[in-house]
Amino acid sequence: MNKKVSIITVNYNGVTDTCEMIESLKQHENYPYELIVVDNGSASLNDYTLLKEKYPDAKVIRNDINLGFAEGNNIGVKQATGDYLFFLNNDTIITRPILEILVKRLDSDEKIGCVSPKTTFWPQNNKLQYAGATPMSYITLRNEFIGYSREDDGRFDVPQETAFANGAAMMIRTADTQKFGYMSEYYFLYYEELDWCTFMHKAGFSIWYEPQAIVGHKESASVGLQSPLQVYFHTRNRLIFAQRTLSDPFERKCSYLYQLFVALPKHFLTYLCQGKFKLILPLLKGGIDGISFIR
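Because the structure is predicted, anything quoted here is derived from the model rather than measured.

Draft legend 1. Main features of the side chain of Asp176. Mapped onto the elements of the fold, Asp176 is located in the loop between strand E9 (169-173) and helix H5 (177-180). The exposure class of Asp176 is buried, given its relative accessible area of 4%. Beyond its immediate chain neighbours, meaning those up to four positions away, Asp176 contacts Ile112 and Phe205.

Below, the structure written as structure tokens:
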């Protein structure tokens, strides 16, 4: 008898994308699953109402305010009854079954704590977005997606252990949350899955990339314009990430010094010279709030 997967997705003012994602699941997925949609304080109740009425078999939950990516997903986890949890961004599309492939990868080794599928850009799905991830530099607190923006020509079709999962699509066993906990709700946006994967590693689990399962993700293949929201949370959350995950005092101190006296001034001067004045205040506030978290 097949086990069940709980698919958890968060909707925030994106009901069109969410419906397209759900329809792709209904059309292509045949593994037993339940769908949990958390409407994370969308500006209009219409998102929640439409999803509730259009998909009566789904569990649709409404938050009155936007609680952030991690807390939105964690609320979904508390409603899940599946043996596996599959966190799937609402702006993704599948064109073939993927759940059984991911379940089999997890079941192949009890020490695999999380698995992510190959992710391509959508609709230009011949271009890769994620084929695994590089380790994190403890100084810069940056890493990269392997294969990013390269052609999906078969070079990245070997399943393997990797440093980090892709937050847009990642599966874990429900029971394993007892060993490494839920996603941290400190971040609100960005760095949640990196933090979570770090704690999975600390608990003795590995992270895997599974190329036989493929998800399309509606992120522009070109570099988008930075927004105040992105700048604020990236600046703030790198400092929080250092505080929470770097256990070596020397590494943590090096990271703080780099972020505050190299990265932040560099970005400040860049925004100033480029006339991106609207990004300066979020940059400074992100630094201040990140420092305030350190304790």
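Continuing now.
Draft legend 2. Looking closely at the packing of helix H7 (residues 228-245) against helix H8 (residues 249-273). Look at H7 against H8: their axes get within 9 Å of each other, and the N-to-C directions meet at 170°. Considered as vectors, H7 and H8 are oriented roughly antiparallel to each other. Touching Val231, Thr235, Arg238, Leu239, Ala242 and Gln243 of H7 are Arg252, Ser255, Tyr256, Gln259, Leu260, Leu264 and Tyr271, all from H8. Tallied by class, the residues present in the contact of H7 with H8 amount to seven nonpolar, four polar and two charged.

Draft legend 3. Region of the structure containing the nonpolar core. Core analysis: the biggest nonpolar cluster contains 43 residues, and Phe87, Ile172, Trp196 and Met200 have the highest contact counts within it. Apart from residues lying up to four places away in sequence, Phe87 is in contact with Ile8, Asn73, Val77, Gly167, Ala168, Ala169, Met170, Ile172, Met183 and Trp196. In this structure, Ile22, Leu35, Ala169 and Met171 belong to the second largest nonpolar core, which totals 30 residues.

Draft legend 4. Representation of the pairing of strand E4 (residues 84-88) in the model. A large share of E4 lies buried, amounting to five of its five residues. Residues Tyr84, Phe86 and Leu88 of E4 are buried on one face, and the alternating residues Leu85 and Phe87, pointing to the opposite face, are buried as well. Bridging between E4 and E9 involves five bridges; their strand directions are antiparallel. Bridge assignment links Tyr84 to a residue of E9, and that residue is Arg173.

Draft legend 5. Representation of helix H9 (residues 280-293) within the structure. Taking 1.5 Å per residue as the helical rise, H9 with its 14 residues ought to reach 20 Å, and the 20 Å between its terminal C-alpha atoms agrees with that figure. Burial in H9 covers these residues: Ile280, Pro282, Leu283, Gly286, Gly287, Gly290 and Phe293. Buried residues in H9 make contact with H7 and H8.

Draft legend 6. Summary view of the pattern of salt bridges. If you walk through the whole model with that rule in mind, you get 15 salt bridges. The partner of Glu20 in a salt bridge is Lys218, and the shortest N-O contact between them spans 2.4 Å. Of this pair, Glu20 sits in helix H1 (residues 15-28) while Lys218 sits in the loop between strand E10 (206-217) and H7, and the two are 198 residues apart along the sequence. Take Lys218: its relative accessible area is 24%, and that puts it in the partly exposed class. In this structure, the salt-bridge partner of Lys118 is Asp152, at a minimum N-O distance of 2.9 Å. Here the residue Lys118 occupies a position in strand E6 (residues 112-121), and Asp152 occupies one in the loop between strand E7 (128-130) and strand E8 (160-162), the gap between them amounting to 34 residues. In this structure, a network of salt bridges that share partners links the residues Lys4, Glu34 and Lys59.

The rules we used
Residues numbered from 1 in each chain as written. Predicted model: local features only at pLDDT ≥ 70, side-chain atom pairs only at ≥ 80, totals over all residues. Heavy atoms only, no water. Helix = DSSP H or I, 4+ residues; strand = E, 2+ residues; numbered from the N terminus. Buried < 20%, exposed > 50% of the residue type's maximum accessible area, 1.4 Å probe, protein only. Contact = heavy atoms within 4.5 Å. Axes fitted to C-alpha atoms, helices over the stretch in contact; angles between N-to-C directions. Parallel < 35°, antiparallel > 145°, perpendicular 65-115°, else oblique. Nonpolar A, V, L, I, M, F, W, Y, C, P; charged D, E, K, R; others polar. Core = buried A, V, L, I, M, F, W, Y, C linked by side-chain atoms within 4.5 Å. Pairing = 2+ DSSP bridges. Expected span 1.5 Å × (residues − 1). Salt bridge = Lys/Arg side-chain N within 4 Å of Asp/Glu carboxyl O.

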